[in-house]
Amino acid sequence: MSEHGKKMVAPIVITVLVILYYVVYFAVIISLLEGILRIILGIIPVVISAVMIYICIERIKEIRSGEEDDLSKY
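Note that the structure is a prediction, hence the values are computed from the model and not measured.

Conventions adopted
Residues numbered from 1 in each chain as written. Predicted model: local features only at pLDDT ≥ 70, side-chain atom pairs only at ≥ 80, totals over all residues. Heavy atoms only, no water. Helix = DSSP H or I, 4+ residues; strand = E, 2+ residues; numbered from the N terminus. Buried < 20%, exposed > 50% of the residue type's maximum accessible area, 1.4 Å probe, protein only. Salt bridge = Lys/Arg side-chain N within 4 Å of Asp/Glu carboxyl O. Expected span 1.5 Å × (residues − 1).

Participant: Just to check I follow, could you spell out the side chain of T15 for this structure?
Facilitator: Inspection of the secondary structure assignment puts T15 in helix α1 (residues 3-32). Its relative accessible area of 8% is what places T15 among the buried residues.

Participant: What is the right way to look at the pattern of salt bridges in this model?
Facilitator: Opposite charge on two side chains allows them to pair when their charged atoms are near. Under the defined criterion, the tally for this structure stands at 2 salt bridges. Note that K61 and E58 form a salt bridge whose closest N and O atoms lie 3.8 Å from each other. Taken together, the positions of K61 and E58, both in helix α2 (residues 36-65) and 3 residues apart, correspond to about one turn of that helix. A salt bridge links R59 to E62; the nearest nitrogen and oxygen atoms lie 3.0 Å apart. Here the residue R59 and the residue E62 both occupy positions in helix α2, the gap between them amounting to 3 residues, near one helical turn. For R59, a relative accessible area of 25% gives the class partly exposed. Look at E62 and you get partly exposed, because its relative accessible area is 23%.

Participant: Quick question: what am I supposed to make of α2 here?
Facilitator: Every α-helix carries 3.6 residues per turn, so stepping three or four residues along brings you back to the same face. Given a rise of 1.5 Å per residue, 30 residues ought to cover 44 Å, and the 45 Å separating the end C-alpha atoms of α2 matches this to within 8%. Turning to α2, its buried residues number three or more, namely L41, P45, S49, M52, C56, I60 and I63. Taken from the residues just after α2, G66 is the one with a positive phi, measuring 90°.

Set out below in structure tokens:
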């Protein structure tokens, strides 16, 4: 595995774990509720998952371009 490949494992694993956590968490909450509240709470994990995937993709792009340590610029 290349140097960049090793650095991409952590963001991907964390993204998958956070998405699974929120999906399971909200699935349990949604199963206990009824009506419009169920729909509203169903949207939250979808939005969180989309944002997490977007952030992960941006992080992978940074790693591939060689910008592993953004804080060193400041």
